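# Fold and geometry: a report
Read off the chains here:
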Amino acid sequence: MPQTAEILIPLALDTAYSYAVPAGLSLAEGDVVQVPLGPRETVGVVWGLAESASGSNLRPVTGRIDVPPLSEPLRRLVDWLARYTLAPKGSALAMALRLPDEAAARESLRVGVRATGSPPARATAARTKVMAVAADGGLRGKTALAKEAGVSLSVVDGLIDDGALETVALEPEPVALPPDPDHPRVPLSEAQEEAARALLPPEGDPGATLLEGVTGSGKTEVYFEGVAACVRAGRQALILMPEIALTAQFLDRFAARFGVRPAAWHSGIGGKRRERIRAGVASGEIAVVVGARSALFLPFPRLGLIVVDEEHESAYKQEDGVHYHARDMAVVRGKLEGCPVVLASATPSIETRVNAQKGRYRHVVLPERFGGRRLPDIRAVDMRLDKPERGRFLAPPMVDAVKHNLAAGEQSLLFLNRRGYAPLTLCRACGHRYQCRNCSTWLVEHRFRRALVCHQCGYAERKPEACVECGAFDHLTPCGPGVERIAEEVAELFPEQRIVVLSSDFPGGAERLRAELQTVAEGGCDIVIGTQLVAKGHNFPHLTLVGVLDADIGLTTGDPRAAERTFQLLQQVTGRAGRGERPGRALVQTYQPDHPVIAALLSGDAERFYDEEIAAREAAGLPPFGRLAALIVSANEREAAEAHGQALARVAEPPPGVMVLGPAEAPLALIRGRWRFRLLAKTERGIDLQAYLRDWLARGPKVRGNVKVAIDVDPQSFL
DNA sequence: AGCACGCCGACT
DNA sequence: GTCGGCGTGCTC
């Protein structure tokens, strides 16, 4: 009896295609095969097999490819992910199928594109946009570049042919040795021992556990014990981290516990090395992988534990291509593999907190700091009472605190979550405000780069000499502070001190930034001025004072998660203060000391924050968690106004169960030439959100021409 | 992802 | 006229 194979192809296709299985070829579900597709040959995965009547006119499968098949759980994960995120199944498959195809092995799997310096022979509007984005000389993926410039891929391809852009491969590193679970280690505290025991789930009852512990409580050591137990049992472990936290520092910590560094997996790993890790994972040789979110799709045959470190981090959200939340998919994969999942954080996300409260996740708490370290003493500087001098941004108590700390020979950190020199530039002569031409945001002055930059889309222009509106000279006024401006003020206040400014746009790139972080960690700097970069992933063992310069930033962004995000960020950054057994101090400049977020931070009562926030969301009729679906209305400039109107009409009548955070409360913005709205959809009543919204869109008023409306799911907790 | 097809403005 | 650039739709 002839067979038909349903083959899923890793392209943006939502259904598997049917092929005939030639006589003599024996296939199983999960096998990786080669199939004809249009004029060419492609890889695909057997998603289903069926007996078929003879005489079909299907094209035949070309053959089986000799790589490990996709396991049943991994295939189910792909199905789940595609369904949950509204992505085509093929796109979801693509993430699990980074194949060792010959081309990739010979060259490199990941190809970056960058500007060559020679201008395109013919400069069109679309081409100019692309070249403007590529002008910084940075490496980007083809699609990423096209998207960022707001043009289609063929423009980028055209520029490569033209010689204005070039493709570059990325280099490999060595692979991992087996970790030793019984490597000699520092003994754990009693609380840690107890937590480590609690992490091991009862036999036959995996599920997820929230491991919550304040900064410095030793969460890592605790889940390392879970990893050790997993390795001893001959199974594999995966530790997921936000990309930024995947540092040499962490890998060394792992090495201190297990004798060797783990296999590291992140977007920078390409070519042969990527394939060697994949193969090592598939064969079971690699026991532990530490990786960024894409490691979730590695073909582990014997997965025994998944750890999601810093589970609240928004970096777990994939924002391009298939939108997924790696933390949630980790829980799904754990369920499908029958293995436990540990979610670790000092400041868990609301949804994980709620899941723990409702008993969906177990909850293990590490109540205190390890080794007798105490939490920092946090105080507010009420900016209504203690005003900085005119044109200054450090309040007198803050200046005093830094002064005292310096006198004691200690290191201080001033935290301001704003890059650049000033967040707004205006002309004093005519009042013109510099705004991004693609987005509805102000341009931020970057004095070092002598440019005005859009923090939304990356658009940049040279800072003009005269006002572009009225032509007046010397009337451009910076409004408000960014870290560069704080650095200026601090340098005037403390001219003798060693000052460093740390932000993601650090001049000189990632390499120099890493060196600078090292210097700070070794104490070779007196005052650090930094953006949120300093709150995440890096330890500063010499820090004893943290000054938060504007704690209120981010409280009024209209984002439903504003309070949560701000609390997490401030908790993390103030938690950096403290050195050895000496408790640190934190001073927080705020205009709203009574705001629930600030009050909870000051009292050190995280419990209270979570309770209040969950209650506040309930009172507002919002679910404590849910998926945010952004309704993206893409339109070119000409049609933007019409699209705007149509989209407004549409969101005015949402289907029942879908709550629209309308223009007043939620981001309604022109971003990269696309109007963007957000819908907050309740998910707890068991409605099929995807089908629901799809149906709603299908029935809504038709939009014409170039205007396109799509749902773009921002995945949150899946339960 | 590739590739063909068709539309549209530029040009020997 | 046609040619190159660019968006769109199709591939079992």
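All residue numbers here refer to positions counted from 1 along the written sequence of the relevant chain. Lettering for chains starts from A, numbering for ligands starts from 1, and both go in the order in which the items are written. In keeping with the predicted nature of the model, local features appear solely for residues at pLDDT of at least 70, side-chain atom pairs appear and are counted solely at 80 or more, and the whole-chain, interface and lining totals rest on all residues. Think of the side-chain values as coming from all heavy atoms in the structure, minus any hydrogens and water.

## Here we look at the sheet that holds strand β24 (residues 543-548)
In this description, strands pair whenever DSSP reports at least two bridges between them. The helix count covers DSSP runs of H or I at least four residues long, the strand count covers runs of E at least two residues long, and both are numbered beginning at the N terminus. Taken in spatial order, the six strands line up as β15-β27-β24-β16-β23-β22 in an open sheet, and their pairing is parallel. Because the sheet does not close on itself, it has two edges, and the strands there are β15 (377-382) and β22 (499-502). Each strand of the sheet is rotated relative to its neighbour by a mean of 20°, with strand direction disregarded. Relative to strand β27 (residues 585-590), β24 runs parallel, the two being bridged by four bridges. Residue Val548 lies in a different strand from β27, and its bridge partner there is Val588. Any two residues whose heavy atoms approach within 4.5 Å at even a single point are treated as in contact. Angles shown run from 0 to 180 degrees and are taken between the N-to-C directions of axes, each axis being a line fitted to C-alpha atoms and, for helices, limited to the stretch in contact. Lying on the sheet, helix α13 (residues 396-407) is in contact with β15, β16 (411-415), β23 (527-530), β24 and β27; it crosses β24 at an angle near 165°. Here helix α14 (residues 483-493) sits on the sheet and contacts β16, β22 and β23; the angle it forms with β23, its principal contact strand, is near 160°.

## With respect to the state of the cysteines
By convention in this document, the label disulfide applies to cysteine sulfur atom pairs within 2.5 Å. Per the stated rule, a full pass over the model turns up zero disulfides. A disulfide-free cysteine, Cys230 has its sulfur positioned 7.7 Å from the sulfur of Cys339, the nearest such atom. For Cys427, which is in no disulfide, the shortest distance to another cysteine sulfur is to Cys467 and amounts to 3.7 Å.

## Some remarks on the pattern of salt bridges
Salt bridge, as applied in this entry: a Lys or Arg side-chain nitrogen positioned within 4 Å of an Asp or Glu carboxyl oxygen. If you walk through the whole model with that rule in mind, you get 30 salt bridges. Where Glu351 meets Arg327, a salt bridge forms, and the shortest distance between an N and an O atom there is 2.6 Å. With Glu351 in helix α12 (residues 350-357) and Arg327 in helix α11 (residues 326-337), this residue pair connects regions lying 24 residues apart in the sequence. Assigned by exposure class, Glu351 and Arg327 land together as buried. Across the salt bridge formed by Asp377 and Arg379, the nearest N and O atoms sit 3.4 Å from each other. Among the residues examined, Asp377 registers a relative accessible area of 32% and is labelled partly exposed. Accessibility here uses a 1.4 Å probe with only protein chains present; expressed as a share of the type maximum, an area under 20% marks a residue as buried, one over 50% as exposed, and anything in between as partly exposed.

## Overview of the UniProt feature "binding site: Zn(2+) 2" (unreviewed entry) in chain A
Taken from the UniProt record, the annotation "binding site: Zn(2+) 2" (unreviewed entry) applies to Cys436, Cys439, Cys454 and Cys457. Here Cys436 is to be found in the loop between β17 (424-427) and β18 (444-446). Tracing the backbone shows Cys439 in the loop between β17 and β18. Take Cys439: its relative accessible area is 4%, and that puts it in the buried class. UniProt positions are given in the numbering used here, feature names are shortened, and annotations may be inferred rather than shown by experiment.

## Some points on the pairing of β16
Among the five residues that make up β16, five are buried, leaving the element largely enclosed by the rest of the structure. The sheet contact formed by β16 and β24 spans five bridges and is parallel. Paired with Leu414 across the bridge in β24 is Gly547. Note that β16 and β23 share four bridges and pair parallel. What sits directly across from Ser412, in β23, is Ile527.

## With respect to the nonpolar core
In terms of nonpolar packing, the biggest core is built from 50 residues, with Leu238, Leu240 and Val289 touching the most fellow members. Of the residues forming this core, the biggest block, six residues, is contributed by helix α1 (residues 72-85). Reported domain spans reflect what an automatic or database domain assignment gives. In terms of domain composition, this core takes at least three residues from each of domain 1 (4-97) and domain 3 (190-366). Discounting residues that sit within four places of it in the chain, Leu240 has contacts with Gly291, Ala292, Arg293, Ala295, Leu296, Val307, Val308, Asp309, Tyr316, Ala326 and Ala330. Remark: nonpolar core denotes a set of buried residues (Ala, Val, Leu, Ile, Met, Phe, Trp, Tyr, Cys) joined through side-chain atoms within 4.5 Å.

## Structural notes on the protein's contact with DNA strand B
The full set of residues close to DNA strand B is Leu11, Arg40 and Leu153. One heavy atom suffices: a residue is near a molecule or strand as soon as one of its heavy atoms comes within 4 Å of it. Among all atoms of DNA strand B positioned within 4 Å of the protein, those belonging to sugar or phosphate total 33%. Whenever a nitrogen or oxygen atom comes within 3.5 Å of another N or O atom, the pair is scored as a polar contact, on the condition that within protein one atom can donate a hydrogen and the other can accept it, and that pairs from neighbouring residues in sequence are kept only if both atoms are in side chains. A distance of 2.9 Å separates a base nitrogen of DNA strand B from a polar side-chain atom of Arg40.

## Examining the domain arrangement of chain A
In terms of domains, chain A is made up of domain 1 (4-97), domain 2 (111-169), domain 3 (190-366), domain 4 (377-421 + 481-611), domain 5 (424-479) and domain 6 (626-713). Of note, the centres of domain 2 and domain 5, computed from C-alpha atoms alone, are 26 Å apart.

## Considerations on helix α9 (residues 248-258)
Of all the residues in α9, the buried ones are Phe250, Leu251, Phe254, Ala255, Arg257 and Phe258. All buried residues of α9 lie within an arc of 165° about the axis, which places them on one face of the element. Tucked inside the fold, the buried residues of α9 contact α8 (219-232), β9 (236-240), β10 (263-265), β11 (288-291) and β12 (303-309). Positive phi appears at Gly259, one or two residues downstream of α9, with a value of about 85°. Arc definition: it is the arc formed by the directions from the helix axis to the C-beta atoms.

## Some points on the side chain of Glu489
Tracing the backbone shows Glu489 in helix α14. The side chain of Glu489 sits in the buried core without any salt bridge; Arg392 is the nearest counter-charge, 4.6 Å away. Engagement of the side chain of Glu489 in a polar contact is seen with the backbone nitrogen of Leu394, the distance being 3.0 Å. Discounting chain neighbours no more than four positions away, the residues touching Glu489 are Arg392, Phe393 and Leu394. The sign given to each residue is positive for Lys and Arg and negative for Asp and Glu; His and the chain ends receive no count.

## Here's the deal with the packing of aromatic side chains
Note on aromatic pairs: each is described by the distance of the centres and the angle between the planes. Planes of paired rings set the category: under 30 degrees apart is stacked, over 60 is edge-to-face and the rest tilted, where pairs are Phe, Tyr or Trp rings (Trp by its six-membered ring) whose centres lie within 6.5 Å. Counting across every chain of the model gives nine aromatic pairs. A centroid spacing of 5.6 Å and a plane angle of 90° characterise the contact between Phe224 and Phe254, whose relative ring orientation is edge-to-face. Taken together, the residues Phe224 in helix α8 and Phe254 in helix α9 connect sequence positions 30 residues apart. The pair formed by Phe224 and Phe254 is uniform in burial state, with each residue classed as buried. An angle of 15° between the planes, with centres 4.1 Å apart, marks the rings of Phe567 and Phe609 as stacked.

## Regarding the protein's contact with DNA strand C
Around DNA strand C there are 16 residues in total, and Ser18, Gly38, Arg59, Thr124 and Ser152 lie nearest to it. At the protein interface, 59% of the atoms of DNA strand C within 4 Å belong to sugar or phosphate. A distance of 2.7 Å is found between a base oxygen of DNA strand C and a backbone nitrogen or oxygen belonging to Ser18. Contributions of two or more residues to the surface near DNA strand C are made by β2 (17-21), β3 (32-37), α4 (125-134) and α6 (153-162).

## Some words on the packing of α1 against α11
Contact geometry of α1 with α11 gives a least axis separation of 9 Å together with a crossing angle of 145°. Where α1 crosses over α11, the handedness of that crossing is right-handed. The segment α1 lies against α11, with Pro73, Leu74, Arg76, Leu77, Trp80, Leu81 and Tyr84 engaging Met329, Val332, Arg333, Leu336 and Glu337. Residues of the contact of α1 with α11, tallied by class, amount to nine nonpolar, no polar and three charged. Crossing handedness follows the turn of the near helix against the far one: under a right angle anticlockwise gives a left-handed crossing, and clockwise gives a right-handed one. Residues are grouped as follows: Ala, Val, Leu, Ile, Met, Phe, Trp, Tyr, Cys and Pro are nonpolar; Asp, Glu, Lys and Arg are charged; all remaining types, including Gly, are polar.

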